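Listed below, chain by chain, are the residues.
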Amino acid sequence: MGALTFTNLDVRLLPSTCGKVEFAVVTGNFHLERTAKGAATKDDGTFSLVWRKGAQGWKILLDHTS
């Protein structure tokens with residue numbers, strides 16, 4: 001498919017009311033370098049993720065990509 005790269009990463013840790021970090025918001029840009037061009041017209045953009053830290057580690061709750 002190609003190589004996916006990320007730039008301008010920003011990670012914001014969000015503490016809960018007890019001060020423990022439970023959530024994080026990650027934003028940045030992505031670029032997909034394709035080995036074979038297909039019908040896609042856009043191979044880069046921005047994204048934002050909301051993560052939650054649970055007993056089994058970090059998991060993505062929300063992914064917005066444009």
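Residues numbered from 1 in each chain as written. Predicted model: local features only at pLDDT ≥ 70, side-chain atom pairs only at ≥ 80, totals over all residues. Heavy atoms only, no water.

**Q** When you look at the packing of aromatic side chains in this model, what are you seeing that I'm missing?
**A** Centre distance and the angle of the planes are the two values used to describe a pair of aromatic rings. All told, the structure shown has 1 aromatic pair when counted by the stated rule. Look at Phe6 and Phe47: their rings are 5.6 Å apart centre to centre, the planes differ by 75 degrees, and that puts the pair in the edge-to-face class. Taken as a pair, Phe6 in strand β1 (residues 2-15) and Phe47 in strand β3 (residues 44-54) lie far apart in primary sequence, 41 residues in all. Judged by its relative accessible area of 45%, Phe6 is partly exposed. Assessed through its relative accessible area of 9%, Phe47 is described here as buried. (Phe/Tyr/Trp six-rings, centres within 6.5 Å; stacked < 30°, edge-to-face > 60°. Helix = DSSP H or I, 4+ residues; strand = E, 2+ residues; numbered from the N terminus. Buried < 20%, exposed > 50% of the residue type's maximum accessible area, 1.4 Å probe, protein only.)

**Q** Help me understand the environment of Ser48 in this model?
**A** Looking at where Ser48 falls in the secondary structure, it is placed in strand β3. Classification of Ser48 by relative accessible area gives partly exposed; the value is 24%. Each C-alpha atom of the pair Ser48 and Gly28 lies 6.7 Å from the other, and the pair is 20 residues apart in sequence. Discounting residues that sit within four places of it in the chain, Ser48 has contacts with Val26, Thr27, Leu62, Asp63 and His64. (Contact = heavy atoms within 4.5 Å.)

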